[in-house]
Amino acid sequence: HRPRRPCPLREQAVPSTALVTCAGVVFNVIFAWFCIFGGAVTMGVPPQPVNIARVLEGSPAEAAGLLAGDKLVSINQRPVDGSMRPGHDAVSSMQSAIWSQAPFTVTVERSGRPVSLRVSVPAALSTVGVLLGDTRRTCRPSTSGCHRCSPPATPRNP
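Residues numbered from 1 in each chain as written. Predicted model: local features only at pLDDT ≥ 70, side-chain atom pairs only at ≥ 80, totals over all residues. Heavy atoms only, no water.

Trainee: In this structure, what is going on with the pattern of salt bridges? I would like to understand it.
Mentor: Should their charged atoms come close, side chains of opposite charge can pair. The full count for this structure, using the stated rule, is one salt bridge. Asp-70 is paired through a salt bridge with Arg-110; the nearest N and O atoms lie 2.7 Å apart. A residue pair is termed long-range when its members are at least 10 positions apart, and Asp-70 in the loop between α2 (60-64) and β2 (71-75) and Arg-110 in strand β4 (residues 104-110) qualify at 40 residues. Classification of Arg-110 by relative accessible area gives partly exposed; the value is 23%. (Salt bridge = Lys/Arg side-chain N within 4 Å of Asp/Glu carboxyl O. Helix = DSSP H or I, 4+ residues; strand = E, 2+ residues; numbered from the N terminus. Buried < 20%, exposed > 50% of the residue type's maximum accessible area, 1.4 Å probe, protein only.)

This is the structure in structure tokens:
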């Protein structure tokens, strides 16, 4: 049977003992946070697909063949992912294409297969006519370069 070694912490005053104990707990919490955050940074956050929730009737998107449930892969060969702000890349890319008034290519995943579609937006329209994800709003660029979001409406016919 071994003799007990004296515990230096027991020989200290109560405030010192409390400080050391609390410091250990705080360090463990901070260390755990760094481990979790470090894992997220090194492994990354998996991208979330950007889904087309709805295609408005009579819209350029319907004419191009886009369907509700399609997953956006790219717009004009520029990848779309929703890892940070789902749908933001897609909306920005579509707005740029609409403002340029040139047809653009949308690649979607449908039934596990990529499908490329050509979308043409007539000058009289300022929307493609899709709702992304679960959103209940459509965004239309204004002449000032900003976009206004409003509840879905029937698109104007050219």
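Trainee: Teacher, can you tell me more about the environment of Ile-52 here?
Mentor: Looking at where Ile-52 falls in the secondary structure, it is placed in strand β1 (residues 50-55). A residue is classified by how much of its surface remains accessible, and Ile-52, at 1% relative accessible area, is buried.

Trainee: Would you take a moment to explain the environment of Ala-123 for this structure?
Mentor: Residue position: Ala-123 is located in the loop between β5 (113-119) and β6 (130-132). Taking C-alpha positions, Ala-123 is 6.5 Å from Gln-101, a pair spaced 22 residues apart along the chain.

Trainee: Explain the packing of aromatic side chains to me, please; I cannot follow it from the model alone.
Mentor: A ring pair, where both rings are aromatic, is described by two values, the distance of the centres and the angle of the planes. Applying the stated criterion across every chain yields a total of three aromatic pairs. Centre to centre, the rings of Phe-27 and Phe-31 are 6.1 Å apart; their planes meet at 15 degrees, and the pair counts as stacked. Highlighted residues: Phe-27 and Phe-31, both in helix α1 (residues 14-43), separated by four residues, approximately one helical turn. Ring geometry for Trp-33 versus Phe-37: centroids 5.2 Å apart, planes at 0 degrees, classification stacked. On the criterion of helical spacing, the pair formed by Trp-33 and Phe-37 is a turn pair, its members being four residues apart in helix α1. Put simply, the rings of Trp-33, Phe-34 and Phe-37 touch in pairs and so form one group of aromatic residues. (Phe/Tyr/Trp six-rings, centres within 6.5 Å; stacked < 30°, edge-to-face > 60°.)

Trainee: Is there a simple way to think about the pairing of β1 in this case?
Mentor: If a strand is regular, its side chains alternate between the two faces of the sheet. As paired elements, β1 and β2 share two bridges and run antiparallel to each other. If you follow Val-50 over to β2, its bridge partner there is Leu-72. In this structure, β1 lies alongside β6, joined through three bridges in antiparallel fashion. Bridging from a neighbouring strand, Ile-52 pairs with Leu-132 of β6. (Pairing = 2+ DSSP bridges.)

Trainee: Mind showing me how you'd approach the side chain of Thr-107 here?
Mentor: Secondary-structure assignment places Thr-107 in strand β4. Exposure remark for Thr-107: the relative accessible area of 15% places this residue in the buried category. A polar contact of 3.2 Å, which involves the side chain of Thr-107, links it to the side chain of Ser-116. Not counting residues up to four positions away in its chain, the partners in contact with Thr-107 are Lys-71, Leu-72, Val-73, Ser-74, Pro-114, Val-115 and Ser-116. (Polar contact = N/O pair within 3.5 Å; in protein donor to acceptor, adjacent residues only side chain to side chain. Contact = heavy atoms within 4.5 Å.)

Trainee: What am I meant to see in unusual backbone geometry here?
Mentor: A negative phi angle characterises most non-glycine residues, just as the trans form characterises most peptide bonds. For Asn-76, which is not glycine, the phi torsion reads 50 degrees and is therefore positive. Relative to the elements of secondary structure, Asn-76 occurs in the loop between β2 and β3 (78-79). In the Ramachandran plot, Gln-77 falls in the positive-phi region, its phi being about 60 degrees despite a non-glycine side chain. The topology assignment puts Gln-77 in the loop between β2 and β3.

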